[in-house]
Every structure is written in structure tokens, then in C-alpha cells.
Amino acid sequence: MSAAIHTNIAQACELLKAGKLVAIPTETVYGLAANALDADAVIRIFETKNRPSFDPLIVHVYSKNEVEKYVQEISPSARLLMDAFWPGPLTILLQRNDLIPDVVTSGLPTVGVRMPDHRLTLELLEQLKLPLAAPSANPFGYISPTRASHVADQLGEKIELIIDGGECRVGVESTIIDCTVTPPKILRLGGVSVESITSVIGEVEVQTNSSSSPQAPGMMLSHYAPRKKLILGNIQELLEQYTQNISILSFQEQYFGYRNYRLSEKGDLHEAARNLFTAMRILDSQPGDFILAETVPDTGIGLAINDRLRRASHP
Ligand code: TXA
Ligand code: MG
């Protein structure tokens, strides 16, 4: 079996209602979706990704109003964040209620909810009238997919349908914020910047580098890793040390005479984020043993890019 790749939402609905998995496009990365209210279907996500069962899933919803069905209450800060950033790349943790099966949240009392900003997936959620549990559609620990072909390459033999929504506009995963604590705590840097969040709700805590904390089990240090060794530093200096079997992942600069992928010729962080995972995949599939890489400016979505680069470089 090899997954069909098309945009037929009605067929996606049928499969999802039957407890099957469908890969869906979002503005951040592609997700591997199942009916979030069907525990058996959700278990198939963990099996298909080889994902450890202690790593909870995000629940994707069609509207802000729908969230009320699945959580105990929507805190004032959560409400402000939804109004400001939904649909969009922000996942909000709230106290869940009994409608959400334990497998979705790995038994945690909180559930992560998000309204994605992609026309096809919103259309799907609207027709389906069910929430979708969906992690990124990659084998556990590998780079997240930002194109339908990335999903097909790695999971194409395991699922029946990939909805083709083109290239993901944001390119890194959603920001995750826990709104069950005061002040709210950012657990993963992502598509919505820390600055824009504080401009809406004021002070937040940022705690994103936990290695195996149960609070954000998926935030392990060696996440998003290519198979090759990615070495992060000053590229000019690294080039003195590493002379063979290398490729270069640079922000703006071009390195002539090398296998080089630059993230943004004009130094645009949003463009760099959009290209990041594709670049890692391309360099990972080419010859060579090492990817030499540099961080980008530590501002806005640059923080999320640097976070992914650091995790990818972790041994
Ligand atoms: O942009 C995204 O968020 C993408 C698209 C598909 O929506 N999804 C995504 O899912 O990145 P995933 O499963 O690859 O990463 C979600 C992470 C988990 O690894 C977990 O650490 C965290 O979200 N998470 C989910 N629910 C949580 C909860 N109740 N408490 C703490 N962390 C949670
Ligand atoms: Mg993931």
C-alpha cells in the first residue's frame, strides 16, 4: 500500500470516521491525524510513528467555541491568546475533561488545543465535526515534514491518505503555552514569538529546555535530528576543523565550492523558518558525514529556529 496524495476532503472524512489515520497540512508542519475522541484510532498514531506513549498529542479544533467542550475552563489569558493568534501556530494547554481519552494526553490532566490556520484542514474539521489529535507526521525523533512528499517518503507505506496542502507557510511547529499556571509558561518555542505573546498577556515564564520532564515529554534534547551529525558553531571556524565529507547549512551567506543550503538569501527569519526542515532533509540525504550549521539572530521566530538547530545538534 502506498498513500494517495490529493485534496479530497470527503474521502479524508470517511477514513477518519472509520478510525483510520490521515496526514493533514497545517501552517506549521504536516500532522498525522486521528479522531481525538476515538482511543483506538489515537493508539494507531503512536504505533505508526513509533512514538512513546508518554508523549502527549495536540488536539486540533475547528473553532474557539469548540474548545469549551473538551476543557474545564478557559482562563482569561487563554481567551486573550485565542483571540489574538487563532487560527494560528499557538497550542494552549488547559485542564481537560473526560471527553478526551487518556491516550491523547498520556494521562496528564491537561490537554493541548490549537486551531490550525490552513484552509483544507479547517474545511476538513468543519465537515468532520470532530477534533483531530495530530502530532507531526514524521517517525519519532526525526525532522518534521513541511511538504506532502516528506510525509510520503517516511510514512507513505503506513497510511492511506495524505492531504496535499502544499508547502507549510510557517515551517516550524506551534508555540506551546501552559495556561493552567500563573504566569503562563511557554514550553516550546514555535511559530508565535515570545515577544508577541507578552505583548498580549504580559509576563510569561519560558521553560523550554527540559530533557525528560513530564510536563513536555516531547521536548527532548535530541529531537528533530537528521541522521547525520549536525555541528553548530561559527561556520568559518568549523571549516578549519572539518575539511571533508561536509555540507553547510547557513543562514544568509553562501559558501561557494561546498554543498551548501542557505536558509534565506535576504536574511529573513520567516523565510528561514519555512526552509529549515526542508534544508535539513536535503542535506541529510546528500553525501557527507557532517552538516556544519550556524544559529540565526536570537529574535522573533529566530528563537524557534535556534531551538530546533540545537536539538538537531545534540549527540
Ligand atoms: O505545529 C504543531 O504543533 C504540529 C502540528 C501538526 O499541529 N504538531 C506537533 O505535534 O508538533 P507534536 O506531537 O510533534 O509535538 C507536540 C508536543 C508534544 O511532543 C508534547 O511535548 C507537547 O506537545 N504536548 C502536547 N500535549 C501536552 C500536554 N498536555 N502537556 C505537555 N505537553 C504537551
Ligand atoms: Mg513532533
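Structure: above.
Reference entry: report on the structure contained in this document. As the structure is a prediction and not an experimental result, all values here were calculated from the model.

1. Observations concerning the packing of helix 4 (residues 76-85) against helix 8 (residues 194-201)
Argument step 1. At a minimum axis distance of 10 Å, the contact between helix 4 and helix 8 shows a crossing angle of 125°. If you check the angle between helix 4 and helix 8, you find them oblique. Between helix 4 and helix 8 lies a crossing whose hand is right-handed. Across from S77, L80, L81, A84 and F85 in helix 4, the residues of helix 8 making contact are S196, I197, V200 and I201.

2. Some remarks on the sheet that holds strand 11 (residues 205-206)
Argument step 1. Taken together, eleven strands build an open sheet; the order of strands is 1-8-2-3-7-4-6-5-9-10-11 and the sheet is mixed. Only two strands of the sheet have a single neighbouring strand rather than two, namely strand 1 (4-6) and strand 11.
Argument step 2. Where strand 4 (residues 58-60) and strand 6 (residues 110-114) come together, three bridges link them in parallel fashion. By the bridge assignment, I58 is partnered in strand 6 with G112.
Argument step 3. Each of strand 1, strand 2 (22-24), strand 3 (31-35), strand 7 (132-133) and strand 8 (161-163) is contacted by helix 1 (residues 9-17), which is oriented at about 135° to strand 8, the strand it contacts most.

3. Describing the pattern of salt bridges
Argument step 1. Within the structure shown, the criterion is met by 14 salt bridges.
Argument step 2. In this structure, the salt-bridge partner of D117 is R169, at a minimum N-O distance of 3.0 Å. With a gap of 52 residues between them, D117 in the loop between strand 6 and helix 6 (119-128) and R169 in the loop between strand 8 and strand 9 (175-178) connect regions that are remote in the sequence.
Argument step 3. It is possible to trace a salt-bridge network through shared partners that takes in E173, D307, R308 and R311.

4. Digging into the nonpolar core
Argument step 1. Grouped together as the largest cluster of nonpolar side chains are 91 residues, with contacts concentrated most on I92, L94, I177, I197 and L249.
Argument step 2. With eight residues, the top contributor of residues to this core is helix 10 (residues 269-285).
Argument step 3. In contact with I177, not counting residues within four places along its chain, are L81, L90, T91, I92, L93, P184, K185, I186, I197, I201 and V204.
Argument step 4. Counting residues in each nonpolar core, the second largest holds nine residues, with I231, L238, I246 and I248 among its members.

5. Quick word on the packing of aromatic side chains
Argument step 1. All told, the structure shown has one aromatic pair when counted by the stated rule.
Argument step 2. Each ring, one from Y242 and one from F290, has its centre 5.1 Å from the other, and the planes form 55°; the classification is tilted. With Y242 in the loop between helix 9 (235-241) and strand 13 (246-250) and F290 in strand 15 (residues 290-293), this pair connects stretches of sequence that are 48 residues apart.
Argument step 3. Residue F290 is classed as partly exposed on the basis of its relative accessible area of 22%.
Argument step 4. Residue placement shows R227 over the ring face of Y142; its charged tip is 4.2 Å from the ring centre.

6. Here's the deal with the sheet that holds strand 15
Argument step 1. In space, the four strands of this open sheet follow the order 12-15-13-14, with parallel pairing throughout. Either end of the sheet is taken by a strand with one partner, and the two such strands are strand 12 (229-232) and strand 14 (259-262). Strand-to-strand, the axes of this sheet are offset by a mean angle of 20°, without reference to chain direction.
Argument step 2. One ladder, built from four bridges, connects strand 13 with strand 15; its direction is parallel. Directly across from L249, in strand 15, lies its bridge partner A293.
Argument step 3. Each of strand 12, strand 13 and strand 15 is contacted by helix 11 (residues 302-313), which is oriented at about 125° to strand 12, the strand it contacts most.

Parameters and conventions
- Residues numbered from 1 in each chain as written.
- Chains lettered and ligands numbered in written order.
- Predicted model: local features only at pLDDT ≥ 70, side-chain atom pairs only at ≥ 80, totals over all residues.
- Heavy atoms only, no water.
- Axes fitted to C-alpha atoms, helices over the stretch in contact; angles between N-to-C directions.
- Helix = DSSP H or I, 4+ residues; strand = E, 2+ residues; numbered from the N terminus.
- Parallel < 35°, antiparallel > 145°, perpendicular 65-115°, else oblique.
- Left-handed = near helix turned anticlockwise from the far one by under 90°.
- Contact = heavy atoms within 4.5 Å.
- Pairing = 2+ DSSP bridges.
- Salt bridge = Lys/Arg side-chain N within 4 Å of Asp/Glu carboxyl O.
- Core = buried A, V, L, I, M, F, W, Y, C linked by side-chain atoms within 4.5 Å.
- Buried < 20%, exposed > 50% of the residue type's maximum accessible area, 1.4 Å probe, protein only.
- Phe/Tyr/Trp six-rings, centres within 6.5 Å; stacked < 30°, edge-to-face > 60°.
- Lys NZ or Arg CZ within 6 Å of the ring centre and 35° of its normal.

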